[in-house]
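# Results of the structural survey
The residues making up each chain are set out below.
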Protein chains: 2
Amino acid sequence: MTTVSRADIDERVAQRLAEHDIRYTVGRKLTARALVALAGPATAAQLHDELGREVPLSSLYRTLSLFDEAGINERTHDADGVARYELAEWLLGHHHHLVCNKCGEVEDVELATEVEAQLADIVRAIADGSEYHATGHRIDVEGVCGSCRD
Amino acid sequence: MTTVSRADIDERVAQRLAEHDIRYTVGRKLTARALVALAGPATAAQLHDELGREVPLSSLYRTLSLFDEAGINERTHDADGVARYELAEWLLGHHHHLVCNKCGEVEDVELATEVEAQLADIVRAIADGSEYHATGHRIDVEGVCGSCRD
DNA sequence: ACGATATTGAGAATCTTTCTCATATATAGT
DNA sequence: ACTATATATGAGAAAGATTCTCAATATCGT
Ligand SMILES: [Mn+2]
Ligand SMILES: [Mn+2]
Ligand SMILES: [Zn+2]
Ligand SMILES: [Zn+2]
């Protein structure tokens, strides 16, 4: 999934924040690091734990919103309606998700180039038959993960 | 989108509830009717308005949960994390969604059979390369809707 | 180091959704 | 139709996630 190194991403995040005149402070670096370590979108609570509760929840939420605005991460919502955060695609690469209907965990999955091309065609076809100007697509494969299959 | 009539759906909902020994009361009938009228998944607040506030929010939420458990509707969450409800696919037919990034509205879109078949292949391919046992898929085409394009 | 500006953290506030419980409604038996 | 029993409803309280507020801190440029 990672086409670029952790340090590389850190560098790019720093630059993006600089462009927006936003300081790359300790808490923000920690948060970015936690995001880089993920194998799929995580909840604020998960990130909070991951960070050993070093970053208070209110600050963490604010940083995640800030990252959102700066285009550094993306926010989705899981089946329970809880927000999940992950690095934006320009940092992590375009990919999709495997969602476990049992435990709710979400795992990244990157498609082969030709498969992704097929998908792009399909999405274009869908949008063409509508009033929409398509800008992207999102695919979740729903199922049961390895650990939940006993 | 509707391959079956409103009355037909009402009939099927009634039967499904009967199987679960759940009464099909006035409020529940109103709620089902509101769901049938939709062109895409709606929030509880939207349904509440749609129903002229005849059904109190707490009752509406309870009915929607109940329908969920009986497999009559499906709950997703929009970009703001707010729950959106729509009839389940065995009532409405399998379909996907066009999501407007501006106003947040969600519109149903049904794919041609051969396109859907291609998709099924792709989804199978994705799952095969993982530990997941795939049971379904969800595709959102993101873009800007007609009314939001000025 | 100093002053100006941006950031942080704790808790309050907000918003959606769920829960509680007293009351009302529907169902089944007589 | 009447009664008894189970089920459903509605108003408000409660919960849980996220955002907001504001006084205290940290950061940056000089
Ligand atoms: Mn991901
Ligand atoms: Mn739909
Ligand atoms: Zn699982
Ligand atoms: Zn729109």
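Everything numeric here is computed off the predicted structure, so don't read it as measured data.

Reading guide: rules and limits
- Residues numbered from 1 in each chain as written.
- Chains lettered and ligands numbered in written order.
- Predicted model: local features only at pLDDT ≥ 70, side-chain atom pairs only at ≥ 80, totals over all residues.
- Heavy atoms only, no water.
- Near = heavy atom within 4 Å.
- Polar contact = N/O pair within 3.5 Å; in protein donor to acceptor, adjacent residues only side chain to side chain.
- Helix = DSSP H or I, 4+ residues; strand = E, 2+ residues; numbered from the N terminus.
- Nonpolar A, V, L, I, M, F, W, Y, C, P; charged D, E, K, R; others polar.
- Contact = heavy atoms within 4.5 Å.
- Buried area = accessible area lost by both parts, 1.4 Å probe.
- Salt bridge = Lys/Arg side-chain N within 4 Å of Asp/Glu carboxyl O.
- Buried < 20%, exposed > 50% of the residue type's maximum accessible area, 1.4 Å probe, protein only.
- Pairing = 2+ DSSP bridges.
- Axes fitted to C-alpha atoms, helices over the stretch in contact; angles between N-to-C directions.
- Donors = N, O, S within 2.8 Å, 3.2 Å for Na, K, Ca; no water.
- Tetrahedral: all angles 85-135°; square planar, octahedral: opposite > 155°, others 65-115°.

## Concerning the protein's contact with DNA strand C
Near DNA strand C, the surroundings consist of 15 residues, among which T25(A), S59(A), R62(A), Y61(B) and A83(B) are the closest. Take the atoms of DNA strand C that sit within 4 Å of the protein: sugar and phosphate atoms are 68% of them. One of the side-chain N or O atoms of R28(A) is found 2.8 Å from a phosphate oxygen in DNA strand C. Sorting the residues of the surface near DNA strand C by element identifies α4 (57–69) of chain A together with α4 (57–69) of chain B as the ones contributing at least two each. Taken together, the residues of the surface near DNA strand C sort by class into five nonpolar, five polar and five charged.

## Quick notes on the protein's contact with DNA strand D
Taken together, 16 residues are adjacent to DNA strand D, and Y61(A), A83(A), T25(B), S59(B) and R62(B) come closest. The share of sugar and phosphate among atoms of DNA strand D within 4 Å of the protein is 69%. Taking R23(B), its main chain carries an N or O atom lying 3.1 Å from a phosphate oxygen of DNA strand D. R28(B) places a polar side-chain atom, nitrogen or oxygen, 3.0 Å from a phosphate oxygen of DNA strand D. Breaking the surface near DNA strand D down by element, the ones donating at least two residues are α4 of chain A together with α4 of chain B. For the surface near DNA strand D, the class distribution of residues is six nonpolar, five polar and five charged.

## Re the interface of chain B and chain A
Each side of the interface is counted separately: chain B has 38 residues, and chain A has 38 residues. Both sides of the chain B and chain A interface together cover about 3200 Å² of buried area, and 63% of this is carbon and sulfur. Of all residues in chain B, I126(B), Y132(B) and R138(B) give up the largest surface area on contact with chain A, accounting jointly for 22% of the area buried on that side. Counting the contacts that link chain B with chain A gives zero salt bridges. If you look at where chain B meets chain A, you find 20 residue pairs in polar contact (both at pLDDT 80 or more). Elements supplying a minimum of two residues to the side of chain B that touches chain A: β2 (73–77), β4 (96–100), β5 (106–109), α6 (113–128) and β6 (133–144) of chain B. In terms of residue count, β6(B) provides more of the side of chain B that touches chain A than any other element does, 12 residues in total. Split into classes, the residues belonging to the side of chain B that touches chain A amount to 17 nonpolar, 11 polar and 10 charged.

## So, the pattern of salt bridges
Residues and elements named next belong to chain A. According to the stated counting rule, one finds 12 salt bridges over all chains in the structure shown. D78 is the partner of R84 in a salt bridge, and the nearest nitrogen-oxygen pair spans 2.9 Å. For D78, a relative accessible area of 11% puts it in the buried group.

## Focus on the sheet that holds strand β4 (residues 96–100) of chain A
The six strands are arranged β5(A)-β4(A)-β6(A)-β6(B)-β4(B)-β5(B) in an open sheet whose pairing can be described as mixed. Looking along the sheet, the strands with just one partner apiece sit at the ends: β5 (106–109) of chain A together with β5 of chain B. Adjacent strand axes in the sheet meet at a mean angle of 30° when their direction is disregarded. The pairing of strand β6 (residues 133–144) of chain A with β6(B) spans 11 bridges and is antiparallel. When the bridges of β6(B) are listed, H137(A) appears paired with V141(B). Sitting on the sheet, helix α6 (residues 113–128) of chain A touches β4 and β6 of chain A together with β4, β5 and β6 of chain B, and the angle it makes with β6(A) is about 120°. Its contacts with the sheet place α6(B) against β4, β5 and β6 of chain A together with β4 and β6 of chain B, and it is angled at close to 120° to β6(B).

## Notes on the coordination of the manganese ion (ligand 1)
Residues and elements named next belong to chain A. Here the manganese ion (ligand 1) is held by E86 (OE), H95 (NE2), H97 (NE2) and D108 (OD), and the distances to it run 1.9 to 2.1 Å. On the primary sequence, the residues serving as donors to the manganese ion (ligand 1) are separated as E-x8-H-x1-H-x10-D. With E86 in strand β3 (residues 83–87) and D108 in strand β5, the pair connects residues that are 22 residues apart, well separated along the chain. Accessibility assignment for this pair places E86 and D108 in one class, buried.

## A closer look at the coordination of the zinc ion (ligand 3)
Residue and element names in this part refer to chain A. All of the protein donors around the zinc ion (ligand 3) are C100 (SG), C103 (SG), C145 (SG) and C148 (SG); their distances to the metal are 2.3 to 2.4 Å. Considering all four donor atoms around the zinc ion (ligand 3), angles at the metal cover 103 to 121° and the coordination shape is tetrahedral. Mapped onto the sequence, the donors of the zinc ion (ligand 3) take the spacing C-x2-C-x41-C-x2-C. Residue C100 is located in strand β4, and its partner C148 is located in the segment after β6; the two are separated by 48 residues in the primary sequence.

## Comments concerning the sheet that holds β2(B)
Sheet strands line up and pair through hydrogen bonds in the backbone, either parallel or antiparallel. Residue and element names in this part refer to chain B. Here three strands make up an open sheet; going across it, the order is β1-β3-β2 and the pairing antiparallel. Both outer strands of the open sheet, β1 (42–43) and β2, are each paired with one neighbouring strand and no more. Across two bridges, β1 lies against strand β3 (residues 83–87) in antiparallel orientation. Paired with T43 across the strands is R84, a residue of β3. The strands touched by α4 are β2 and β3; relative to β2, the strand with the most contacts, the crossing angle is about 110°.

Any functional reading would require information beyond the geometric quantities listed.
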